[in-house]
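Single-letter residue listing:
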Amino acid sequence: MPVPDRPAYLRIAELLRGQIRDGRYPQGARLPTMSELCAEHGVSEIVARQAIALLRGEGLVETRRGGGTIVKVTPPVRRVAMDRYRAVVAKPLTVPATTFTHDQRISWDEYRLDREFTRTGAGAEVAALLEVPPGTEVLRRRFVFHARGEPQQISVNYLPWDVVGGTPVADPANEPWPGGTLAQLAFLGHPPTRVEESVGSRMPTPEEAETLRMTGGVPVLTITRRMLSGPRVMEVCRDIVIPADRVLLDYAIDL
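None of these values were measured; they are calculated from a predicted model.

## Observations concerning the overall build of the protein
Along the backbone of the protein there are nine helices and 10 strands. Scaling as 2.2 N^0.38, a compact globule of 255 residues should have a C-alpha radius of gyration of about 18 Å, whereas the protein reaches 23 Å, well beyond that. If one aligns the C-alpha atoms of the protein with their principal axes, the spans along those axes are about 70 × 45 × 40 Å. When each of the 255 residues of the protein is scored for burial, the buried share is 43%. Put simply, 61% of the contacts in the protein that link residues at least 6 apart link residues at least 24 apart. A total accessible area of about 13800 Å² is found for the protein, and carbon and sulfur atoms account for 54% of it. In the protein, 32 positive and 31 negative side-chain charges are present, and the distance between their average locations comes to 2 Å.

Below you can see the structure in the form of structure tokens.
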């Protein structure tokens, strides 16, 4: 039995997808207009729009009002999973920096941090990560990290209230804090001796997609982090949320 031809919109999308990936249409380039696609492939505008909608759903292109369809510009941010914390604490800071500014390769002036602090009880999941009973008082901090004016990641972290309550660390006016959470824990007398991270992925919530100005079809990476000082868990981050098309996780293992 002969195999039926694939729908025209799938064939057009496949062609454009290949041309984007092989560099014919680099990031920021404008794709052919709807009328050009119709003429080239002999299809209706509805079919051409279906093809573009498919690529937009994959996160490859974005449509701008009055500007046509553009190949999405997604410069990757390099996160060095094993060395990023060491880079901040290995030597005294000569200029203000955090692991985020290090990842983004930006100056302190190009960094902005939106924050929301709440004193609350640890839920079951956070309590298990902190290794404390559920309901234990914690400081919940939600951050939105901006680089050069653009939102790049969200994180929600939890610190034991018996450690941070009544200290400068619990005051949102002191953010951003040079050295970030690493420096804050050291300031409190609990310098981190171990950092644990686990990485997952999922689709963003509507609120996350809006906050991070994400286009459709792009998942997020979720990084759950624990910072320990000796045997005690001093911080849980649940989660660090980053659009997957803006990040590259690097790992190196010395054997």
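## Points about the pattern of salt bridges
Scanning all chains against the criterion turns up 18 salt bridges. Across the pair D162 and R232 runs a salt bridge whose closest N-O atoms are separated by 3.1 Å. One end of the pair, D162, is in helix α7 (residues 161-164); the other, R232, is in strand β9 (residues 232-243), and 70 residues separate them in sequence. Here E196 and R194 are joined by a salt bridge, their closest N and O atoms 2.8 Å apart. For R194, a relative accessible area of 48% translates into the label partly exposed. Several salt bridges share partner residues, and in doing so they unite E131, R194, E196 and R226 into one network.

## Here we look at the packing of helix α2 (residues 34-41) against helix α3 (residues 45-57)
Interhelical geometry of α2 versus α3 gives an angle of 110° and a closest axis separation of 9 Å. In this view, α2 runs roughly perpendicular relative to α3, as classed from their interaxial angle. Handedness of the crossing formed by α2 with α3: right-handed. Of α3, the residues touching α2 (which contributes M34, L37 and C38) are E45, A48, R49 and I52. Here the residues of the contact of α2 with α3 are counted per class, giving five nonpolar, no polar and two charged.

## Details of helix α1 (residues 8-21)
Look at α1: 20 Å from first C-alpha to last across 14 residues, which is about the 20 Å you get at 1.5 Å a residue. Taken together, the buried positions of α1 are A8, I12, A13, L16, R17, Q19 and I20. Axial view of α1: buried residues confined to an arc of 165°, hence all on one face. Here the buried face of α1 lies against α2, α3, β1 (61-64) and β2 (68-71). A positive backbone phi angle near 95° is found at G23, which sits one or two residues after α1.

## Side note on α2
Every buried residue belonging to α2 is among M34, L37 and C38, and all of these are buried. The arc that holds the buried residues of α2, viewed along the axis, is 100°, so those residues lie on one side. Exposed and facing more than 90 degrees away from the buried side of α2 are S35, A39 and E40. Close packing links the buried residues of α2 with α1 and α3. One or two steps after α2, the chain reaches G42, where phi turns positive at roughly 65°.

## What to know about the sheet that holds β9
Spatial strand order, β4-β5-β6-β9-β8-β7: six strands in an open sheet with antiparallel pairing. The two strands at the open ends of the sheet, each matched to only one other strand, are β4 (111-121) and β7 (194-202). With strand direction ignored, the average angle separating the axes of adjacent strands in the sheet is 15°. Sheet contacts for helix α8 (residues 180-187): β5 (137-147), β6 (150-160), β8 (220-229) and β9; angle to β8, the most-contacted strand, approximately 20°.

## Focus: the environment of I12
Here I12 is to be found in helix α1. Classification of I12 by relative accessible area gives buried; the value is 2%. Sequence separation between I12 and V236 is 224 residues, and the spatial gap between their C-alpha atoms is 46 Å. Contacts of I12, omitting those with residues within four sequence positions, involve L37, H41, V43, V47 and A51.

Rules and cut-offs
Residues numbered from 1 in each chain as written. Predicted model: local features only at pLDDT ≥ 70, side-chain atom pairs only at ≥ 80, totals over all residues. Heavy atoms only, no water. Helix = DSSP H or I, 4+ residues; strand = E, 2+ residues; numbered from the N terminus. Rg over C-alpha atoms; globule rule 2.2 N^0.38 Å. Buried < 20%, exposed > 50% of the residue type's maximum accessible area, 1.4 Å probe, protein only. Contact = heavy atoms within 4.5 Å. Areas by Shrake-Rupley, 256 points an atom, 1.4 Å probe, with all protein chains shown as cover. Lys, Arg positive; Asp, Glu negative; His and termini not counted. Charge placed at Lys NZ, Arg CZ, Asp CG, Glu CD. Salt bridge = Lys/Arg side-chain N within 4 Å of Asp/Glu carboxyl O. Axes fitted to C-alpha atoms, helices over the stretch in contact; angles between N-to-C directions. Parallel < 35°, antiparallel > 145°, perpendicular 65-115°, else oblique. Left-handed = near helix turned anticlockwise from the far one by under 90°. Nonpolar A, V, L, I, M, F, W, Y, C, P; charged D, E, K, R; others polar. Expected span 1.5 Å × (residues − 1). Arc of directions from axis to C-beta. Pairing = 2+ DSSP bridges.

Keep in mind that these numbers describe shape and distance, not what the molecule does.
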